[in-house]
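Residue-level listing of the chains:
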Amino acid sequence: MPAHIAGSLHAAPSPVWLPYPDDVNALMPSLWSANVTKGDDGVLRIAGHPVTALAEQYGTPMYVLDVADFRARAAEFARAFSTAFERVGPGARGYYAGKAFLCTAAAGWIAEADLGLDCCSLGELMIARRAGFDPALVGLHGNNKSDAEIAFALDWGIGRIVIDSFDEIPRVAAAAADRGTTARVMLRVTVGVEAHTHDFIATAHEDQKFGLSLQGGDAAAAAAQIIDAPSLELIGLHSHIGSQIFDKAGFEVAAGRIIGLRAEIERTHGVSLPEVDLGGGFGIQYTSQDTPTPFGEIAEQLADVVGKACAEHGSEVPFVSFEPGRAIAGPAMFTLYRVGTVKPVDTGSGVRCYVSVDGGMSDNIRTALYDADYSCTLANRTSPEDPVVVRVVGKHCESGDIIVRDEYLPADIAAGDLVAVPGTGAYCRPLASNYNHVPRPGVLAVDGEDVRWAIRPESYQDMFATDPGFAPVHENGE
Ligand SMILES: *Cc1c(COP(=O)(O)O)cnc(C)c1O
């Protein structure tokens, strides 16, 4: 398909937010995981391993996971939130949102960090159980849980099922009664707060699929039904307001509303709801424009918010849970690609270089799906050249197959170079697809000396195994 030249003529080659780099070879350390460095030779290293050697040995594209960084981040979240909330009440626990990135190794690191685990499908529950995760610290989410998911959750004895609709109440109650057990449940409440980056919207209406609305009275009615069901134990209320959030303002409104509802339910029914879950959404840095608040600071701010809301409603401070996904997995990974072609395009107001790499929207759909911005660096050498504006694109048959929309790379960027994109640890491998029948890349876990696949690259054998006409297949495609 020919490019639409007229459209691109008016495009500015770089957006105003993108700073012209002082040194295009240098890393911006805050974008990279703790053990990633770049030496004078311009070669990116993770825990001392040059990515040039990793690319030779393991191939590209691949996700490269900084194991120590992932674990440290998980442990720091656990420590910061426990400390802050023990100051104002009984404490807090993070439940890592497994949908951000999950494999058996990651589940193990999460357990060691003393975090719980949020699952929202049978597949995620299966990984958690196989990893030996303590079921008491597992939660099950989902707006349309299957009978199999509910059965698995109850049989395994998980700590909480987050009820998302009226329909689900009798289903979970019956499944628990059948087993002669009591299901510990939370109620997902939509509080009319939608938060994203530095903005949030507080409304009286919720026009989305998740949860039971607070303002319409649905949440209170659902709570009453749960309290009436002998095989259900309502342990608390849940609210998740969005993702990639950088400050406390949205949480403040949500916490005020949820703690108000909790006080009302406790009064009306003479029960006590020991727990409140305020969800996830803590933002990370994808580009120089993102300014995440350190865990210690945001934890202290949120502890104050919850303490204050409880004081206003004259209620006990609950045990508070959170569900960080991106904030733990996101910064711990980068994706390593090899450049295949470079095409300069005169946009009319400057040149933009299209740098095509050996992956694309099949390993990172976030740019196309969410308009996400990423950054990148030349990873195999230094360059004496000036920076040029580039767009890093994939190999798929879509013009929207963009990985990094706007970035500066050295002007001599060429086929054979390696390009690394930081911040790809969350919602990239889990959202990867086999579009164009491209096998999904592996996740190489680097931990000091130790280098191994956390998820090995998909083979053609794996990919074609579901096609009865094309299995088994050899790696040469025959
Ligand atoms: C996605 C999700 C999270 C995690 O969000 P992050 O932005 O990755 O922190 C937590 N809770 C629920 C209910 C979610 O749907």
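Our structure is the block above this text.
This section reports on the structure supplied with the text. Every chain is numbered independently, its residues counted from 1 as its sequence is written. Totals for whole chains, interfaces and linings use all residues, but because this is a predicted model, local features are given only for residues with pLDDT of at least 70 and pairs of side-chain atoms are given and counted only at 80 or more. In computing side-chain properties, one takes all heavy atoms of the structure into account and sets aside hydrogens as well as water.

1. As for helix α10 (residues 295-313)
Okay, step 1: Look at α10: 27 Å from first C-alpha to last across 19 residues, which is about the 27 Å you get at 1.5 Å a residue.
Okay, step 2: Taken residue by residue, α10 has F295, I298, A299, L302, A303, V305, V306, G307, A309 and C310 as its buried positions.
Okay, step 3: For α10, the secondary structure elements touched by its buried residues are α3 (67-88), α9 (249-269), β16 (319-322) and α11 (326-329). Put simply, DSSP H or I for four residues or longer makes a helix, DSSP E for two residues or longer makes a strand, and each gets a number counted from the N terminus. In this analysis, the expected span of each helix is defined as 1.5 Å times one less than the number of residues it contains. Exposure classes here rest on a 1.4 Å probe applied to the protein chains alone. A residue is buried below 20% of its type maximum, exposed above 50%, and partly exposed in between. We call two residues in contact when some of their heavy atoms are within 4.5 Å.

2. Section: the nonpolar core
Okay, step 1: Nine residue types can take part in a nonpolar core, namely buried Ala, Val, Leu, Ile, Met, Phe, Trp, Tyr and Cys, and a core is a set of them joined through side-chain atoms within 4.5 Å. Core analysis: the largest hydrophobic core is formed by 118 residues, its most contacted members being L65, F70, F81, F85, Y96, F101 and L187.
Okay, step 2: The domain limits used here are those given by an automatic or database domain assignment. There are two domains that each give this core at least three residues, and those are domain 1 (9-66 + 333-464) and domain 2 (116-323).
Okay, step 3: In this structure, L65 is in contact with I46, F70, F101, W109, A332, M333, V443, L444, A445 and V446, ignoring residues within four places of it in sequence.
Okay, step 4: L31, L54, A379 and V446 belong to the second largest nonpolar core, which has 18 residues in total.

3. Observations concerning helix α8 (residues 218-228)
Okay, step 1: For α8, the complete set of buried residues consists of A219, A222, A223, A224 and I226.
Okay, step 2: Summarising the contacts, the buried residues of α8 are in contact with β8 (160-163), α7 (168-178), β9 (183-190), β12 (212-213), β13 (232-238) and α9.

4. Regarding the packing of α8 against α9
Okay, step 1: Contact geometry of α8 with α9 gives a least axis separation of 11 Å together with a crossing angle of 45 degrees. In terms of their interaxial angle, α8 and α9 are classed as oblique. Handedness of the crossing formed by α8 with α9: right-handed. Contacts between α8 and α9 involve A219, A220, A223, A224 and I227 on the former and, on the latter, L261, E264, I265 and H269.
Okay, step 2: Only Asp, Glu, Lys and Arg are considered charged in this grouping, and only Ala, Val, Leu, Ile, Met, Phe, Trp, Tyr, Cys and Pro are considered nonpolar; every other residue, Gly among them, is considered polar. Grouping the constituent residues of the contact of α8 with α9 by class yields 7 nonpolar, 1 polar and 1 charged. Helix axes use the C-alpha atoms of the stretch in contact, all axes being lines fitted to C-alpha atoms, and the angles between their N-to-C directions lie in the range 0 to 180 degrees. Convention used here: angles under 35 degrees read as roughly parallel, angles over 145 as roughly antiparallel, angles from 65 to 115 as roughly perpendicular, and any remaining angle as oblique. Should the near helix be turned anticlockwise from the far one by less than a right angle, the crossing is termed left-handed; should it be turned clockwise, right-handed.

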